[in-house]
Amino acid sequence: METILEDTEVYSCIGDSCIGWMRKDFVADDLLCPMCGNEMTQEIRVLPKI
């Protein structure tokens with residue numbers, strides 16, 4: 001099966017030491033990183049389609 005990649009809206013943690021991120025469809029309403037609790041910022045990443 002071929003993997004289809006697409007531009008995907010995600011939220012990425014602003015913490016320097018944290019690599020946490022989530023797809024926009026799964027992010028919490030408070031927009032806080034589930035790994036460290038810092039704020040998250042919106043960005044676009046090329047990810048496999050789900």
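See the structure shown above.
Each value, and the rule that gives it
Residues numbered from 1 in each chain as written. Predicted model: local features only at pLDDT ≥ 70, side-chain atom pairs only at ≥ 80, totals over all residues. Heavy atoms only, no water. Buried < 20%, exposed > 50% of the residue type's maximum accessible area, 1.4 Å probe, protein only. Core = buried A, V, L, I, M, F, W, Y, C linked by side-chain atoms within 4.5 Å. Contact = heavy atoms within 4.5 Å. Pairing = 2+ DSSP bridges. Helix = DSSP H or I, 4+ residues; strand = E, 2+ residues; numbered from the N terminus. Axes fitted to C-alpha atoms, helices over the stretch in contact; angles between N-to-C directions.

A. Representation of unusual backbone geometry in the model. Even without glycine at this site, L31 takes up a positive phi of about 55°. Owing to a relative accessible area of 30%, L31 belongs among the partly exposed residues under this scheme.

B. Focus on the nonpolar core. In this structure, Y11, C13, C18, V27, C33 and M40 together form the largest nonpolar core, which totals six residues. For C18, the contacting residues outside a window of four places in its chain are C13, C33, M35 and C36.

C. View of the sheet that holds strand β2 (residues 21–23). The strand order β2-β1-β3 describes an open sheet built from three strands, whose pairing is antiparallel. The sheet is open, and its two edges are formed by β2 and β3 (40–48), each paired on a single side. Direction aside, neighbouring strands of the sheet carry axes that sit 35° apart on average. Note: strand β1 (residues 5–13) against β2, three bridges, orientation antiparallel. Directly across from V10, in β2, lies its bridge partner R23.

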